[in-house]
There are 2 protein chains.
Amino acid sequence: MRPFTYCVPTDIRFGQGTVSCLGEALGKYGRKVLLVYGGGSIKKTGLYDKVMEQLKGYEVTELPGIEPNPKIGSVREGARICKEKGIEVVLAVGGGSTVDASKAIAGGACYDGDPWDLVLDSSKVKAALPIADVLTMSATGSEMNPGGVISNPETKEKLEVNNPHLYPSLSILDPTILYTVPPKQTAAGTADIISHVCEQYFQPYDGAYIMDRLCEGVLQTAFKYGPAALKKPDDYEARSNLMWAATIGLNDLLSRGKGGEWSVHPIEHVLSAYYDITHGVGLAILTPSWMRHVLSEKTEARFAMYAKNVFGIDTGDTRKDAEAGIDRTEEFFVSMGLPKTLHEVGIGPEKFEEMAKEAVRTSRISWDAYVHLSPEDVLEIFRMCE
Amino acid sequence: MRPFTYCVPTDIRFGQGTVSCLGEALGKYGRKVLLVYGGGSIKKTGLYDKVMEQLKGYEVTELPGIEPNPKIGSVREGARICKEKGIEVVLAVGGGSTVDASKAIAGGACYDGDPWDLVLDSSKVKAALPIADVLTMSATGSEMNPGGVISNPETKEKLEVNNPHLYPSLSILDPTILYTVPPKQTAAGTADIISHVCEQYFQPYDGAYIMDRLCEGVLQTAFKYGPAALKKPDDYEARSNLMWAATIGLNDLLSRGKGGEWSVHPIEHVLSAYYDITHGVGLAILTPSWMRHVLSEKTEARFAMYAKNVFGIDTGDTRKDAEAGIDRTEEFFVSMGLPKTLHEVGIGPEKFEEMAKEAVRTSRISWDAYVHLSPEDVLEIFRMCE
């Protein structure tokens, strides 16, 4: 195992009805609250009212309208409001996009320049307002990690800001809130969880046995409960296991002792920066093709291990097992109603080359990923998804 | 899954050579240090010198002589020194016992009465000095949890103090320090890890699928690397995986969403309070007999699941698989050189009845454990170990 530090201070309140602790728990961080949310679905579901009930006695300023793939414009606006109003705590009520935006806002509020600077160079984050959240979508793990992905439509960039100051201080995870998540989002969220864990599982370094086993446990959970949550949206066991799988899937735990760049995310980030598709959908399309592209004599043992420990595939033929594990992954995404090709989401080959170069330019995949990927490799992966 | 809170603020520094960050990292918590350690093995191994080198510029008071199964007398002494000298941070350099004692000292330093009060009633811990540690034994997980077990020889009690104020602030985990841990301690530590995880795996509540998978991952790690560390004490891969397994095995992660009293620990605590044997040795003796005693039509499915997912035993006959899993557990302990019977550690049946009653009196095993245990049940388990 590689050396690592691990310090995740987020206060998690997990379970049915935990929203009711918000009023008391938030007070520790401040009374002047910036309430950040998305397109207004929280008003339809009644969650907005529950949150406002908890915020009695707080001074609340609202910032609605955070987009999926949150844009730097919203971040700038949020940071401006924080400075203007003397906001003390940023409260995100939403999914990963809203939490991500709130992190960048919380950092931007304590930074003198343009918040986009912080996305371009995370080390510039020297302080941030405390961040709290009530999660309405379970996928990105943003509720217990220090990262956030922000898009800049002008430059067609979609990049991550990541700094220890950006761990949420308080995250309220109530699986019953997920009952109203639409099937498409449940499916995309499950793909996101699986992709996060696969990114940490397929890494250059190999001595972190315990991490591999933990990864497989989270993967098994996602593969089991994704379909269960689709079938019965108010299945508490499914929603709660899936919700915690998303959190554990990206709260630093699984990455420790390993190391290296992720493979599929940098490619998907370019894809969704160019076409604004749902992140989890992009991942579901790209992941099986990436797996097939990097499968080789050198990597087949790990893919076979994945097949065995996650799906119970064990014929004894390493290559066949590896291929069967990849097929199962692809079949799973299709069974969840996710698209299999870029064509299905309206993306043609016009910008494949440009995007392939961009994926390599904006990441370390060409020299630090599980299998190093050149622009030609990424182009080939795009073509496999065509 | 049951509702839970999760907030583990410990700053972990894991890897070879991480002791070198002590001097810088400790400063955040204070300059007046109580250095707590055990019987002096840290002087033989040279760790004491390395630590003192790091503590240049700090005002250090030493409290050596912490016993295995740490005694309340040492805690009282430590708390007294803290008050007298205005100690700001308690630094444990040792194994679980030293860390446990340091927690009670840190709590006692901020408490007006007798520290034993805090062990009898953990809710009386209202504050504690910051706790830091450099771990020399990997087993109890004390480096990342808020609990400590303290013995009172006068009352023959061995009880746990457990309070959120007692999470270590800083834990330095260098697997190379474990190279000098003697085989007996390596074996006992491995048994301790396995027992901790089993206690969390065999619980009354059943909807926490993800936790079961994570438990199995940690168990697989301990079963794999315990023997590897015995065979080659300076096997970095083995020591590091085992070290992190111990931490993950009891840092709140695996218990969340489940619930209920542990089964074997309350029995072992009485045993080692009466006979002062090594905790892990007591657990290794008791665990297989406890498993056999509680195996029934009601529990066999979970024991078969344990056998399948940890050892790959899968004949399709639930009862036989369950029994085979228990046998494998016992054989494993024996293969590690651990005793199988109480007789081997010099314990006769004289106090079985008294200890059985005491185990029930001092815990919730009779009404809140995986299988409820009466004094007669515990007596039977002792007899099975005779």
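Residues numbered from 1 in each chain as written. Chains lettered and ligands numbered in written order. Predicted model: local features only at pLDDT ≥ 70, side-chain atom pairs only at ≥ 80, totals over all residues.

Student: Outline the overall build of chain A, supporting the account with residue identities and numerical values.
Tutor: Helix and strand counts for chain A stand at 15 helices and eight strands. Against the globule reference of 21 Å for 386 residues, chain A gives a C-alpha radius of gyration of 20 Å, in line with a compact fold. For chain A, the spread of C-alpha atoms along the principal axes amounts to about 65 × 45 × 40 Å. Within chain A, buried positions represent 56% of all 386 residues. In chain A, the share of contacts with a sequence separation of at least 24, taken over all contacts with a separation of at least 6, comes to 77%. (Helix = DSSP H or I, 4+ residues; strand = E, 2+ residues; numbered from the N terminus. Rg over C-alpha atoms; globule rule 2.2 N^0.38 Å. Buried ≥ 20, exposed ≤ 12 C-beta atoms within 10 Å, placed from the backbone. Contact = placed C-beta atoms within 7 Å.)

Student: With reference to specific residues and values, describe the sheet that holds strand 1 (residues 4–14) of chain B.
Tutor: Pairing is mixed across the open sheet formed by 12 strands, whose spatial order is 3(A)-2(A)-4(A)-5(A)-8(A)-1(A)-1(B)-8(B)-5(B)-4(B)-2(B)-3(B). The sheet terminates laterally at strand 3 (59–63) of chain A together with strand 3 (59–63) of chain B, the two strands that pair on one side only. In this sheet, neighbouring strand axes are inclined to one another by 25° on average, regardless of whether the strands run parallel or antiparallel. Direction of pairing for strand 1 of chain B relative to strand 8 (residues 170–173) of chain B: parallel, over a ladder of four bridges. Bridge pairing in strand 8 of chain B links Ile12 of chain B to Ser171 of chain B. Across the face of the sheet, helix 5 (residues 96–108) of chain A comes into contact with strand 2 (32–37), strand 4 (89–94) and strand 5 (131–135) of chain A while running at roughly 165° to strand 4 of chain A. (Pairing = 2+ DSSP bridges. Axes fitted to C-alpha atoms, helices over the stretch in contact; angles between N-to-C directions.)

Student: Hey, could you go over helix 4 (residues 72–85) of chain B for me, with residue numbers and the actual values?
Tutor: The α-helix advances 3.6 residues per turn, and as a result positions three or four apart in sequence lie on the same side. Residue and element names in this part refer to chain B. Between its first and last C-alpha, helix 4 extends 20 Å over 14 residues, near the 20 Å set by a 1.5 Å rise per residue. The inward-facing, buried residues of helix 4 contact strand 2 (32–37), strand 3, helix 5 (96–108), helix 6 (116–120) and strand 6 (147–152). A positive phi of about 65° marks Gly86, the residue just after helix 4. (Expected span 1.5 Å × (residues − 1).)

Student: Any chance you could break down the pairing of strand 5 of chain A for me, citing the residues and the numbers?
Tutor: Residue and element names in this part refer to chain A. Burial runs high along strand 5: five of the five residues are buried. Judged by which residues are buried, strand 5 turns out to be covered on both faces: Ile131, Asp133 and Leu135 on one side and Ala132 and Val134 on the other are all buried. Alignment of strand 4 against strand 5, held across five bridges, turns out to be parallel. The residue of strand 5 that forms the bridge with Val93 is Val134. As judged from the three bridges shared by strand 5 and strand 8 (residues 170–173), these two strands associate in the parallel manner.

Student: Account for helix 14 (residues 352–361) of chain A, naming residues and giving values.
Tutor: Those residues of helix 14 of chain A that sit buried are Phe352, Met355, Ala356, Glu358, Ala359 and Val360 of chain A. In the core, the buried residues of helix 14 of chain A are packed alongside helix 10 (264–275) and helix 15 (375–384) of chain A.

Student: Summarise the interface of chain A and chain B; cite the residues concerned and give the values.
Tutor: Reports of interface size often rely on the accessible area that becomes lost once the parts have come together. Contact residues are listed per partner, giving 33 residues for chain A and 33 residues for chain B. Contributing elements (two or more residues each) for the side of chain A that touches chain B: strand 1 (4–14), helix 8 (209–231) and helix 9 (236–249) of chain A. Of the residues that constitute the side of chain A that touches chain B, the class distribution is 14 nonpolar, 12 polar and seven charged. Sheet analysis places strand 1 of chain A next to strand 1 of chain B, joined by seven bridges and oriented antiparallel. Residue Phe4 of chain A lies in a different strand from strand 1 of chain B, and its bridge partner there is Phe14 of chain B. (Nonpolar A, V, L, I, M, F, W, Y, C, P; charged D, E, K, R; others polar.)

Student: Break down the pairing of strand 7 (residues 157–162) of chain B for me, citing the residues and quoting the values.
Tutor: Where strand 6 of chain B lies against strand 7 of chain B, six bridges are found, and the strand directions are antiparallel. Note that in strand 7 of chain B the partner of Ile150 of chain B across the bridge is Leu159 of chain B.

Student: Could you give me a rundown of the domain arrangement of chain A, with the residues and numbers involved?
Tutor: Residue and element names in this part refer to chain A. Each assigned domain of chain A is listed here: domain 1 (11–177) and domain 2 (182–384). Taking only C-alpha atoms into account, the centre of domain 1 sits 26 Å from that of domain 2. Tallying the contact residues gives 20 residues for domain 1 and 27 residues for domain 2. The set of elements that each furnish at least two residues to the side of domain 1 that touches domain 2 consists of strand 6 (147–152) and strand 7 (157–162). Looking at the side of domain 1 that touches domain 2 element by element, the count peaks at three residues for strand 7. (Domains from an automatic or database assignment.)

Student: Before we move on, could you go through the nonpolar core and cite the residues and values that matter?
Tutor: Formed by 257 residues in total, the largest nonpolar core has its most connected members in Val36, Val90 and Leu91 of chain A together with Val36, Val90, Leu91 and Ile105 of chain B. Ignoring sequence-local partners within four residues, the contact set of Leu91 of chain A consists of Leu26, Val33, Leu34, Leu35, Val36, Ala132 and Asp133 of chain A. (Core = buried A, V, L, I, M, F, W, Y, C linked by C-beta atoms within 7 Å.)

Student: If you had to explain the relation of the copies chain A and chain B to someone new, which residues and values would you point to?
Tutor: Two copies of a chain can be linked by a rotation about an axis combined with a shift along that same axis. Each copy of the sequence occupies a distinct position, and chain A is placed on chain B by a rotation of 180° and an axial shift of 0.0 Å, giving an RMSD of 0.0 Å. Seen this way, the second copy is the image of the first under a two-fold rotation axis. For chain A, the smallest separation between a C-alpha atom and the rotation axis is recorded for Pro9 of chain A, amounting to 2.2 Å. When the interface residues of chain A are mapped onto chain B, 100% of them again fall at the interface, so both copies present the same face. (Least-squares fit on C-alpha atoms with pLDDT ≥ 70 in both.)

Student: Any chance you could break down the packing of helix 11 (residues 279–294) of chain A against helix 15 of chain A for me, citing the residues and the numbers?
Tutor: Residue and element names in this part refer to chain A. In the contact formed by helix 11 and helix 15, the axes pass within 9 Å of each other and the chain directions differ by 125°. Considering the angle they form, helix 11 stands oblique to helix 15. As for how helix 11 packs across helix 15, the hand of that crossing is right-handed. Facing helix 11, whose interface residues are Leu286, Ser289, Trp290, Arg292 and His293, helix 15 presents Asp377, Glu380, Ile381 and Met384. Split into classes, the residues belonging to the contact of helix 11 with helix 15 amount to four nonpolar, two polar and three charged. (Parallel < 35°, antiparallel > 145°, perpendicular 65-115°, else oblique. Left-handed = near helix turned anticlockwise from the far one by under 90°.)

Student: Requested: an account of the environment of Thr318 of chain A, with residues and values cited.
Tutor: Residue and element names in this part refer to chain A. Along the chain, the position of Thr318 falls in helix 13 (residues 318–335). Remark: the alpha-carbon pair of Thr318 and Ala307, spanning 11 residues in sequence, is separated by 9.6 Å. Those residues within four positions of Thr318 in sequence are excluded, and the remaining contacts are Glu300, Ala301 and Ala304.

Student: Describe the environment of Asp206 of chain A, naming the residues involved and giving the relevant values.
Tutor: Residues and elements named next belong to chain A. Along the chain, the position of Asp206 falls in the loop between helix 7 (183–201) and helix 8. For Asp206, a count of 12 C-beta atoms within 10 Å gives the class exposed. Each C-alpha atom of the pair Asp206 and Ser335 lies 32 Å from the other, and the pair is 129 residues apart in sequence.

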